[in-house]
Amino acid sequence: MQSNARVVVILGTGGTIAGEATSPEDDLGYRSAALPVDALVSALRPPPGVTLESEQVAQLDSKDMDFATWRCLALRAAHHLSRRDVAGLVVTHGSDTVEETAYFLQRVLAPTKPIVLTAAMRPATSTRADGPRNLADAIAVATTPGVTGVAVVVAGQLHAALEVRKVHPQRLDAFGSGDQGPLGTVEEGRVVLRRTAPASHEAAVAGDALPTDEAGWPRVALVATGAGADPRSVRALVDAGFDGIVVATTGNGTVHRALEAPLREAMARGCLVLRATRCLAGAIVEPAPAADALPSAGGLTPQQARVELIVRVLARRSAARN
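Quick caveat: nothing in here was measured; it's all calculated off a predicted structure. (Residues numbered from 1 in each chain as written. Predicted model: local features only at pLDDT ≥ 70, side-chain atom pairs only at ≥ 80, totals over all residues. Heavy atoms only, no water.)

What to know about the side chain of aspartate 243
1) Next: Its location among the elements puts aspartate 243 in the loop between α5 (231–239) and β14 (244–249).
2) Next: According to the relative accessible area criterion, aspartate 243 is buried, its value standing at 18%.
3) Next: Residues contacting aspartate 243, with those up to four places away along its chain left out, are Pro218, Arg219, Gly270, Cys271, Leu272, Val313 and Arg317. (Helix = DSSP H or I, 4+ residues; strand = E, 2+ residues; numbered from the N terminus. Buried < 20%, exposed > 50% of the residue type's maximum accessible area, 1.4 Å probe, protein only. Contact = heavy atoms within 4.5 Å.)

A look at the pattern of salt bridges
Note that side chains of opposite charge can pair when their charged atoms are close.
1) Next: The final tally for this structure, using the stated rule, is 20 salt bridges.
2) Next: Between aspartate 85 and arginine 83 there is a salt bridge, with the nearest N and O atoms lying 3.0 Å from each other.
3) Next: On the accessibility criterion, aspartate 85 (36% relative accessible area) is partly exposed.
4) Next: Its salt-bridge partner being glutamate 187, residue arginine 190 comes within 3.5 Å of it at the nearest N-O pair.
5) Next: Among the residues examined, glutamate 187 registers a relative accessible area of 34% and is labelled partly exposed. (Salt bridge = Lys/Arg side-chain N within 4 Å of Asp/Glu carboxyl O.)

Quick word on unusual backbone geometry
1) Next: The phi torsion at alanine 110 lies on the positive side, around 40°, for a residue other than glycine.
2) Next: Inspection of the secondary structure assignment puts alanine 110 in the loop between α3 (98–109) and β6 (114–118).
3) Next: Given the relative accessible area of 23%, alanine 110 is considered partly exposed.

Notes on the layout of surface pockets
Empty space among the atoms becomes apparent when a probe as large as a water molecule is rolled across them.
1) Next: The computed volume of the largest pocket comes to approximately 310 Å³.
2) Next: What lines the largest pocket is a set of 20 residues, and nearest its centre among them are Tyr103, Leu162, Ala297, Gly299 and Leu300.
3) Next: Of the residues in the lining of the largest pocket, the class split is 7 nonpolar, 7 polar and 6 charged. (1 Å grid on protein atoms, 1.4 Å probe; cavity = no way out; pocket = protein on both sides within 12 Å on 5 of 7 lines; lining within 4 Å. Points joined across faces, edges and corners; volume = space filled by probe spheres on them. Nonpolar A, V, L, I, M, F, W, Y, C, P; charged D, E, K, R; others polar.)

Things to note about the sheet that holds strand β15 (residues 272–277)
1) Next: Reading across the sheet, the 3 strands line up as β13-β14-β15 and stay open at both edges, with parallel pairing between neighbours. With one partner strand each, in any of the chains shown, β13 (220–224) and β15 form the two edges of the open sheet. Taken pair by pair, the neighbouring strands of this sheet meet at an average axis angle of 25°, ignoring direction.
2) Next: Summarising the sheet, β13 and β14 pair through 5 bridges and their orientation is parallel. (Pairing = 2+ DSSP bridges. Axes fitted to C-alpha atoms, helices over the stretch in contact; angles between N-to-C directions.)

Description of helix α2 (residues 67–81)
1) Next: Taking 1.5 Å per residue, 15 residues should reach 21 Å; α2 reaches 21 Å between its end C-alpha atoms and fits that length.
2) Next: When we look at burial in α2, the residues that qualify are Phe67, Thr69, Trp70, Arg71, Leu73, Ala74, Ala77, His80 and Leu81.
3) Next: Looking at the packing, one finds that the buried side of α2 touches β1 (7–14), β4 (51–60), β5 (86–92), α3, β6 and α7 (302–321). (Expected span 1.5 Å × (residues − 1).)

Regarding the pairing of β1
1) Next: The buried fraction of β1 is high, at 8 of 8 residues.
2) Next: Bridge count for β1 against β4 is 7 bridges, and the pairing is parallel. The residue of β4 that forms the bridge with glycine 14 is leucine 60.
3) Next: As paired elements, β1 and β5 share 6 bridges and run parallel to each other. If you follow valine 9 over to β5, its bridge partner there is leucine 89.

Focus: the packing of α2 against α3
1) Next: At a minimum axis distance of 11 Å, the contact between α2 and α3 shows a crossing angle of 50°. Judged on the interaxial angle alone, α3 and α2 are oblique. In this structure, α2 crosses over α3, and the sense of that crossing is right-handed. Here Trp70, Leu73, Ala74, Ala77 and Ala78 of α2 come into contact with α3, specifically with Glu100, Thr101, Phe104, Leu105 and Leu109.
2) Next: When its residues are assigned to classes, the contact of α2 with α3 shows 8 nonpolar, 1 polar and 1 charged. (Parallel < 35°, antiparallel > 145°, perpendicular 65-115°, else oblique. Left-handed = near helix turned anticlockwise from the far one by under 90°.)

Some remarks on the sheet that holds strand β12 (residues 190–193)
1) Next: Pairing is mixed across the open sheet formed by 8 strands, whose spatial order is β4-β1-β5-β6-β7-β8-β11-β12. Lying at the two open borders of the sheet, with one neighbouring strand each, are β4 and β12. Within the sheet, the average angular offset between the axes of one strand and its neighbour, ignoring direction, is 25°.
2) Next: The pairing of strand β11 (residues 184–187) with β12 spans 4 bridges and is classified as antiparallel. Each residue of the ladder has a partner; that of threonine 185, found in β12, is valine 192.

Concerning the packing of aromatic side chains
Pairs of aromatic rings are described using the distance from one ring centre to the other and the angle between the two planes.
1) Next: Considering all chains together, one arrives at 4 aromatic pairs under this definition.
2) Next: Arranged with centres 4.4 Å apart and planes meeting at 10°, the rings of tryptophan 70 and phenylalanine 104 form a pair that is stacked. Taken together, the residues tryptophan 70 in helix α2 and phenylalanine 104 in helix α3 connect sequence positions 34 residues apart.
3) Next: For the pair phenylalanine 104 and tryptophan 217, a centre-to-centre distance of 6.0 Å together with 45° between the ring planes defines the contact as tilted. Linking phenylalanine 104 in helix α3 with tryptophan 217 in the loop between β12 and β13, this pair joins segments that are 113 residues apart in sequence. Residues phenylalanine 104 and tryptophan 217 agree in their burial class; the two are buried. (Phe/Tyr/Trp six-rings, centres within 6.5 Å; stacked < 30°, edge-to-face > 60°.)

Set out below in structure tokens:
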């Protein structure tokens, strides 16, 4: 059952969902972010009583997502969420980094109205395009009572921003939520919620406090642990002034012994560190509290943990100014 709210604003950022190929049979050799969001929306029939508005925030392949787009998206989302006539927002996005943008928006905005990101695995010009159905499903979620916060809807599945991760490079059902499974499904326009979204932090930093200059954003790097791990990589990042380091760990948060000392040195020099398991499901579970343990990202993926550190640094800077 859909709410009586009446406006859903669709913010376009490009991606495969707006992709165009020279042949309708070509699902791989296409140009991403070719079509404007207006073209995607005009092909839809809105749900009864719902008015659709669209706005082009960016037009890029999501592998090239940048901080300027994140800032603009956060500000425009906050603007539209403040409107009383808006039930929720939908963001069209590339699938490659949608999990990062979703996590960022949740941590920065912590919205009480829904922000639903959606993507596609086939271009809009494909004879088998999945984008129109995903977009229609996202609109259905955005107007469903009880849905709050940021979510991702793809292939009929609803994922929380704090849990979603891309698990396949080509399949239509390319996303998962780890051990928890999706929040629910969308079945012929009907949203079925199977569990509640995980508890979220309050908004970490106001959107208008996000740096206007790309160079002003925190620098956070991903370092992989594994055979032959080189401690020089960690030391080089700290010497270069990086604000944070996420270690993509083996197994249950384990780190190669060669990296342990430089990571502790990094923390002593003010660099934030998080361990995030490279396993596709499950969370790091500590056997027992240890005062000297490197901080854990719990169930966050390495990509989410990197966004988390970016947000933490921004929040720390904002607090220092106030």
